[in-house]
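Structural overview
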Amino acid sequence: MQLPAEFIQKYQQLLGDQAPAFLAAFDGSVEKGFRVNPNKTVTAAMRAKMAVPVPYSPIGYYGKVNGNALEHLAGAVYSQEPSAMTVGEFAKPEPGERVLDLCAAPGGKTTHLLSYLQQTGLLVTNEINRQRVTALGDNVERYGARNTVITNETPAALAKELPGFFDRILVDAPCSGEGMFRKDHDAVQYWTPDYPAACAARQREILTEAVKMLRPGGHLIYSTCTFAPEEDEQMMAWLLKTYPEFELEPLVKTAGMVDAKPEWADGNPDLAKAARLFPHLMRGEGHFIAKLVYHGTGVVKDKKVVREQLSATQRQLWTDFLQKQATDSLPGLVLQAHGDQLYGVPAMMPVTRKLKVFRPGILLGTFKKKRFEPSYALALASDDLSLPKIEITREQWAVYVHGETFELASATATGFRVLTCEGLPVGFGKVVAKTVKNFFPKGLRFLATPENATL
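By the naming in an unreviewed UniProt entry, the chain is RsmF rRNA methyltransferase first C-terminal domain-containing protein, taken from Lactiplantibacillus argentoratensis. The UniProt entry for the chain carries the following text under Sequence similarities (unreviewed entry): "Belongs to the class I-like SAM-binding methyltransferase superfamily. RsmB/NOP family."

This is the structure:
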């Protein structure tokens, strides 16, 4: 790889005798990895892939997964670069917490946080870029989240609406991307000697707003995929100086996580509590992570939480659907109709009338003339719900994702059923006698073959 001369000189000076190995690592192979979703069934194909665990993540493994595979489409696996998994592991929220992923697209860190929340609490996941927020929404839906609100806002707008609200905030900050050089050669073209300083200015603005949203006793996790001390240690030194209410918590490091060098950040030895990952010392591309606890004081007023918004007709159609499904409720959700679409909004979500909300919760389905049609998202989130399910074969799954109807071995009750394959919910079908009518989303349909859909 052709690295910029200024980049080489910078890290020769900073890393000293480690510089040759560090620079040589950029010509090495890109490490692939994936996480398993602990809220989903593990298939035989997944077990075969889970041969080499990532040492610092109990749900992470080395290897490449196919985006067309059943397990990926059903949200049981998520492709993620191995060193990026450290962020979710260090952030690791407790069930029931109120969590914010402030710079979230495309969703790797968000889905990692969801793994630990286990459908409890509230995760607000935000992306400022309108184009990128769509990918975030797709990944949240595929992962089967029911406790998540997706926003498309600036940090300042969020801070104005949600002061002191969150127990845990992750800022995976937009950065100069030096840790992505090996994975994305185009990132090298954007780099200039001044780029890290320009990124640092933006990071300070983001952190200034993030601080406002953290409750006393809450945790702030800061991460980047760059090696630049301007964006890493020096950023944390600035934060600690500007906000003395914060304290760095020591991170328990495994092989490849190198202590931050004090001389990189004005001689602050406290920064050795952060973690720095280098590609020549670990199987991964590189990251920086710091975890801070907020010792600020003050009482934050509770905000009004969301309330049900349904017409009498919509309420009746939804009740009729649930009765046909032999269930009566969905835990932790408040029902809200937006036009003809019904959402389940996390009950912990406060009223925020001035935010641009991309998705207010899980899309449960659509009201149509005299009936309710359940959504693909509801099927993918139904693992632990009492919705009736029908198990289908891999061969039937291939027919299903191609958009065709198929036949069951024997007739069953008429109505919508969650289709599962090897225990994984894959979507809804409408059963009429032995025939399953297809409700797999038209925009996702494809011809699945052993060559293009094997995990």
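Moving on, there is more to tell.
What follows covers the overall build of the chain. For the chain, the helix and strand inventory stands at 14 helices and 22 strands. Relative to a compact globule of 455 residues, whose C-alpha radius of gyration would be 23 Å, the chain shows 23 Å and is just as compact. When the backbone C-alpha atoms are referred to their principal axes, the chain occupies close to 75 × 55 × 35 Å. When burial is assessed residue by residue, the chain has 56% of its 455 residues classed as buried. Intrachain contacts of the chain at a sequence separation of at least 6 include 73% that bridge at least 24 residues. Looking at the chain as shown, the accessible area adds up to about 19,200 Å², and 52% of this sits on carbon and sulfur atoms.

Another aspect to go through is the nonpolar core. In terms of nonpolar packing, the biggest core is built from 44 residues, with Leu-102, Ile-169, Val-171, Leu-220, Met-236 and Phe-246 touching the most fellow members. Counting 33 residues, the second-largest nonpolar core is a separate cluster that includes Val-36, Leu-408, Cys-421 and Phe-440.

Okay, the sheet that holds strand β17 (residues 371-374) next. Neighbouring strands of a sheet are bound in pairs by backbone hydrogen bonds; such pairs are parallel or else antiparallel. One open sheet accounts for four strands, arranged β13-β14-β16-β17; its pairing is antiparallel. Each edge of the sheet is formed by a strand with only one pairing partner; in this case those strands are β13 (333-338) and β17. Adjacent strand axes in the sheet meet at a mean angle of 30°, parallel and antiparallel pairs treated alike.

Glancing now at the UniProt feature "binding site: S-adenosyl-L-methionine" (unreviewed entry) in the chain. Sites flagged by UniProt as "binding site: S-adenosyl-L-methionine" (unreviewed entry) map to Cys-103, Ala-104, Ala-105, Pro-106, Gly-107, Gly-108, Lys-109, Glu-127 and Asp-172. Across 70 residues, the annotated set stays spatially compact, with a maximum C-alpha separation of 12.7 Å. For Cys-103, the location among the structural elements is in the loop between β4 (98-101) and α6 (108-117). Once residues within four sequence positions are removed from consideration, Cys-103 is found in contact with Asn-126, Glu-127, Leu-170, Val-171, Asp-172, Pro-174 and Ile-206. The topology assignment puts Lys-109 in helix α6.

A separate point is the state of the cysteines. Evaluation of the coordinates by the stated rule reveals zero disulfides. Of all cysteine sulfurs in the structure, the one in Cys-175 sits closest to Cys-103, which takes part in no disulfide; the separation is 10 Å. As a non-bridged cysteine, Cys-199 has Cys-175 as the owner of its nearest cysteine sulfur, 6.6 Å distant.

This brings us to the UniProt feature "active site" (unreviewed entry) in the chain. Residues annotated in UniProt with the feature "active site" (unreviewed entry) correspond here to Cys-225. By the element assignment, Cys-225 lies in the loop between β8 (214-224) and α11 (233-242). Cys-225 has contacts with Cys-175, Gly-177, Glu-178, Gly-179, Met-180, Gly-286 and His-287, leaving out every residue within four places of it along the chain.

Before going further, it helps to spend a moment on the environment of Lys-109. By relative accessible area, which is 11% here, Lys-109 ends up buried. Sequence separation of Lys-109 and Leu-170 is 61 residues, and the distance between their C-alpha atoms is 8.6 Å. Not counting residues up to four positions away in its chain, the partners in contact with Lys-109 are Gln-80, Ala-84, Val-87, Asp-101, Leu-170, Asp-172 and His-287.

For the rest of this paragraph, the subject is the pattern of salt bridges. One pass over the full model with this rule turns up 18 salt bridges. The residue Arg-132 makes a salt bridge to Glu-127 at a minimum N-O spacing of 3.6 Å. Through salt bridges with shared partners, a single ionic network connects Glu-71, Arg-394 and Glu-422.

Here we take up helix α14 (residues 394-401). All of the buried residues in α14 are Gln-396, Trp-397, Tyr-400 and Val-401. Axial view of α14: buried residues confined to an arc of 130°, hence all on one face. The inward-facing, buried residues of α14 abut α4 (70-73), β18 (389-392), β19 (406-407), β20 (415-421), β21 (424-432) and β22 (435-438). At the exit of α14 stands Gly-403, carrying a positive phi of roughly 90°.

Calculation rules
- Residues numbered from 1 in each chain as written.
- Predicted model: local features only at pLDDT ≥ 70, side-chain atom pairs only at ≥ 80, totals over all residues.
- Heavy atoms only, no water.
- UniProt positions renumbered as here; feature names shortened; annotations may be inferred.
- Helix = DSSP H or I, 4+ residues; strand = E, 2+ residues; numbered from the N terminus.
- Rg over C-alpha atoms; globule rule 2.2 N^0.38 Å.
- Buried < 20%, exposed > 50% of the residue type's maximum accessible area, 1.4 Å probe, protein only.
- Contact = heavy atoms within 4.5 Å.
- Areas by Shrake-Rupley, 256 points an atom, 1.4 Å probe, with all protein chains shown as cover.
- Core = buried A, V, L, I, M, F, W, Y, C linked by side-chain atoms within 4.5 Å.
- Pairing = 2+ DSSP bridges.
- Axes fitted to C-alpha atoms, helices over the stretch in contact; angles between N-to-C directions.
- Disulfide = S-S within 2.5 Å.
- Salt bridge = Lys/Arg side-chain N within 4 Å of Asp/Glu carboxyl O.
- Arc of directions from axis to C-beta.

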